[in-house]
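Structural characterization, general
What follows is the residue order along each chain.
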Amino acid sequence: MTGATVRFSNVVKEYPGGTRGLDGVDLELTGGEFVALLGPSGCGKTTALRSLAGLETVTSGRIMVDGDDVSTVPVNRRDIGMVFQSYSLFPHMTAAENVEFGLRMRRVPATERRERAAASLELVGLAHLGARYAHQLSGGQQQRVALARALVTRPRVLLLDEPLSALDAKVRVALRDEIRALQTELGITTLFVTHDQEEALAVADRVAVMRAGRIEQIGTPEELYGRPASAFVADFVGLSNRLPGVVAGDRVSVLGSELPLLDQAAASGHVEAFVRPEDVVLAADGIPATVVSTSFLGSLRRTVVELESGERMTVQHSVDDRPGAGERVHVRFAGAPVAVAAL
Amino acid sequence: MSAGTSVAPSPLARWVILGVVGLLFAVPIVSMLGFTLRGGADGALTIERWTAILDPENARAYRNLFQGVGNSLLLAVVTVAIVLAVLVPTMLLVAIRYPRLRRVVEFVCIVPITIPAIVLVVGLAPVYSVVTRLAGSSVWTLAFAYGVTVLPYAYRAIQSNLSAVDVVTLSEAARSLGAPWVSVLFRVLLPNLRRGILAAAFITVAVVLGEFTIASLLNRVNLQTALVQVSRSDPYTAVIFSLLALAFAFTLLLVIGRITAARPRRTP
Amino acid sequence: MTATASAAAVHVAGDVGTARSRRRLPAWLGLTPFALYVLLFLAIPTVLAIATGFVDGEGAFTLENLAALGDPVILGTFLDSFWVSAVTAVAGAVLGALVCYALLGLRPDGAVRSVVDSAASVLAQFGGVMLAFAFIATIGLQGVVTVLLADVFGINLFADGVWLYQVPGLLLPYLYFQVPLMVITFMPSLEGLKPQWAEATATLGGNRFVFWTRIAMPILAPSFLGSVLLLFANAFSSYATAAALISQGSQIVPLQIRGALISETVLGRENLAGALALGMVLVMVVLMTAYSLLQSRTERWQR
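Residues numbered from 1 in each chain as written. Chains lettered and ligands numbered in written order. Predicted model: local features only at pLDDT ≥ 70, side-chain atom pairs only at ≥ 80, totals over all residues. Heavy atoms only, no water.

1. Quick look at the nonpolar core
Our working definition: As used in this record, nonpolar core signifies buried Ala, Val, Leu, Ile, Met, Phe, Trp, Tyr and Cys residues forming a set joined through side-chain atoms within 4.5 Å. The rule is simple: take the accessible area with a 1.4 Å probe, protein chains only, and divide by the maximum for that residue type; under 20% is buried, over 50% is exposed, in between is partly exposed.
Within the largest apolar cluster, 221 residues are counted, with the highest numbers of intra-cluster contacts made by F8(A), L52(A), L159(A), L191(A), L87(B) and L193(C). Counting residues in each nonpolar core, the second largest holds 42 residues, with L38(A), A96(A), L147(A) and L224(A) among its members.

2. Here we look at the interface of chain B and chain C
In plain terms, the rule: Note on contacts: a residue pair qualifies if any of its non-hydrogen atoms lie within 4.5 Å across the two residues. Simply put, the buried area is the total loss of 1.4 Å probe accessible area from both parts when two parts are fitted together. Salt bridge, as applied in this entry: a Lys or Arg side-chain nitrogen positioned within 4 Å of an Asp or Glu carboxyl oxygen. We call two N or O atoms a polar contact when they sit within 3.5 Å, provided that within protein one can donate a hydrogen and the other can accept it, with sequence-adjacent residues counted only if both atoms are side-chain atoms.
At the junction of the two partners, chain B supplies 87 residues and chain C supplies 93 residues. Carbon and sulfur atoms supply 79% of the area buried between chain B and chain C, which totals about 7,400 Å² over both sides. The largest share of the area that chain B buries against chain C comes from V7(B), F25(B) and W181(B), three residues that together contribute 9% of it. Inspection of the region where chain B meets chain C yields 0 salt bridges. In this assembly, chain B and chain C are joined by 9 residue pairs in polar contact (both at pLDDT 80 or more).

3. Remarks on the sheet that holds strand β11 (residues 241–248) of chain A
Residues and elements named next belong to chain A. Selection criterion: Note: two strands are recorded as paired if DSSP finds a minimum of 2 bridges between them. For the purposes of this entry, the term helix denotes a DSSP run of H or I that reaches at least four residues, the term strand denotes a run of E that reaches at least two, and both are numbered from the N terminus. Every axis corresponds to a line fitted to the C-alpha atoms, with the helix fit spanning only the stretch in contact, and the corresponding angles, defined between N-to-C directions, vary from 0 to 180 degrees.
Strand order in the open sheet formed by 5 strands is β13-β12-β11-β14-β20, and the pairing between neighbours is antiparallel. Only two strands of the sheet have a single partner each, and these edge strands are β13 (257–260) and β20 (339–342). Geometrically, the sheet is characterised by an average inter-axis angle of 40° between neighbouring strands, direction not taken into account. Pairing geometry for strand β12 (residues 251–254) and β13, over 4 bridges, is antiparallel. Residue pairing across strands places S253 opposite E258, the latter belonging to β13.

4. A short note on the sheet that holds strand β6 (residues 80–83) of chain A
Residue and element names in this part refer to chain A. Strand order in the open sheet formed by 6 strands is β6-β7-β8-β3-β9-β10, with mixed pairing between adjacent strands. In this open sheet, the two strands that pair with only one neighbour each are β6 and β10 (214–219). The sheet shows a mean angle of 20° between the axes of neighbouring strands, taken without regard to direction. Sheet topology note: the strand β9 (residues 206–211)/β10 ladder contains 5 bridges and is antiparallel. Paired with A208 across the strands is I218, a residue of β10. Against the sheet, helix α1 (residues 45–53) engages β3 (34–38), β6, β7 (157–161), β8 (189–194) and β9, with an angle of about 145° to β7.

5. Describing the packing of aromatic side chains
What counts here: Pairing of aromatic rings covers Phe, Tyr and the six-membered ring of Trp, with a centre-to-centre limit of 6.5 Å; geometry is then stacked below 30 degrees between planes, edge-to-face above 60, and tilted otherwise. Any Lys NZ or Arg CZ that is within 6 Å of a ring centre and within 35 degrees of that ring's normal is treated as a charge sitting over the ring.
Counted according to the given criterion, the structure contains 24 aromatic pairs over all chains. Geometrically, the ring pair formed by F144(B) and Y37(C) is tilted, given 6.5 Å between the ring centres and 50° between the ring planes. Of this pair, F144(B) sits in helix α6 (residues 142–162) while Y37(C) sits in helix α2 (residues 32–51), placing the two residues on different chains. Judged by relative accessible area, which is 7%, Y37(C) ranks as buried. Given a relative accessible area of 24%, F144(B) falls into the partly exposed group. Here the aromatic cluster, defined as three or more aromatic residues joined through ring pairs, consists of Y128(B), W140(B), F144(B), Y37(C) and F41(C). One cation-aromatic arrangement involves R276(A) over Y225(A); the distance from NZ or CZ to the ring centre is 4.0 Å.

Right under this line is the structure:
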């Protein structure tokens, strides 16, 4: 089965007083695609998701599902499944009754209802906890039940509103991988809101970075990481060293090194260049620097060095190199800046 | 904005309900006012009865009433002192040293809700015959009994503040910075509990000023017993003083509301 | 006095941990003022109140007074008390819940909420005697509304007798403090309804009606029931309003205790007050136990 397509065209949400929660959002999801909406709090990502759910009415623009404009369809007829940040399970119902609720609303006969609810709970690995109440479940289990509840009605679109942000780090990673696996298996078109860039890059087919009610960039995780379209995206997605540079022609000069300029449209002149820590290496010769601190991250090590000019930068390298604080080292560039921003 | 999914009622439903109930509840209050303004020539309204209260000529007639007001104010002050002195150190000590006793203290403080004043007074009568022998029959001794009746309210006010402040960490931090316990108490803990303590004091004042049962059956004079006595001969004056007392209590509680509404998280 | 004593105890308590020991008083001494106070003015009076029910005029042990609780007159009074409490509790709870609903969505620190909260507190916790006066001024024999109805509409409020100073007369004044008490006790529960529940209902295909009947009401039921019990207990133990309204007689239990205390001999027995007090405490303990059970369920759901 292929999922529904979703299209936001020029969607605007204006609050009384004139501030815009959404300022002309254009976004397209193909059938079965998993798209993450990423951005800092207040950027409009949750508003966009809630507009698709029908929990917010938009001021102008159109929201289409499978080619039908749903902007005026009330929430309870939009046929979407939604998982909230937390505490959305009905506390007076068991997990199974929670999952059955949507089927009950669709007047599914009792026996079928029970079977489908059980199957859905099994899908999220909680078949044995159907009789528990929300307060008897852990946070991760509650979110699984909420996921089962959202999926059981086979909605056209699945909406996830920061479903992992209230969970512990370990559970968070495990559940996010499970959600992705389930989504791939079911082929359901999914919109996932998060403020955690690592999470977005890890699970989504494409990531849309939002800022101030607009989509700043949309692309695959690789595109977003390797070719951020703006300083904001470069800064928000992944770690970057922000270094002064000068653009001339198709080259950018950073700390005396001539590096290739990826963005051919960049104007000549003084810029801030964003260099990923893995694009800098410790070397026998190159730019002299002093080690400030170093941290062990399991499979790799990151070291902060201070250059003679006073600039600080982060170098990512093998755990076998173990520079000590105060040690004199040399660094050199091994890759191009992912983005440059005019000063 | 959120399309028909919020829990709140529509503005129309809200204002219809609040309007109708508000109107019904305004009737007795407005009637009280009308009642005291009654009695001018040909059924016209007059403020004579209000001005008469301040007339020195009537001072003797109202002496009992003014004594009641005085006694109630005195009782309010003494009760606040007793309740705060007994409750605050205990609650702090329990929070810091004996967290397991919290349930016990809470239970004890809530018990007076279960013991009606009219029941308490049956047992207070013999207790007060002893108290009178030891401390005389002056009215302030009643404050000990009042302290018990306000315990649930005062406890709740302070506890709600206490549970928002991590007194254990605060006192450990202050101690680790070299503060002696006296400084911890007066410079760190009490300033953070100001809000709860103030609310407890105000609610205590309100309850004490409204207390009738115990004073009446132990034969003491306070505002409420004096009001009942005056009402037998002069219902108008009783109603005027009731209105004033209600207005005073309303203002007092409005102030509590403002104090507790200011978000405690934002305090510097 | 007590404050400095316990402050000193707190002070010493902290030093137990440090190596240097000066005047080392045990920290639990700080708890004695509270314990002593509660013992003297809560525990002893309560025990005395109940114990006097087991003592006769000469101070000897007797179950006579207790037997009086089975007397038809006393039972009748308890029934009247129950009746007044039940009617005002249920009516007050329904009306109060409606007001709470109307207040939902208003800012808790806004002007409307501030005024309603304060007015509710005044009427619920302060009113007593003054509420009786309010109703005498409104629907007493010379009350403003009584006179208005008679003059303008020719309606005689008291055609069937002066009911204001009888048991039915307690209903309106009691409602005047029951509704506000409901607003105070039920509002937190209603505010505990999470918006996610309404939104989840909607995304799962339910409308507003479904949300209220299938989600909100079942969730609120224990808390509503608990509030009804609290209101019942409140009316049952209330004395001041009735005493100010009804100056003689023993129409409800608290007034009967008044009668027994100011030695109007009720049923020709002494120390009946103690037995009545015991009866009241028993009723209150049952009510408050049920209340706290319901309350703990509510809290579990609304965490």
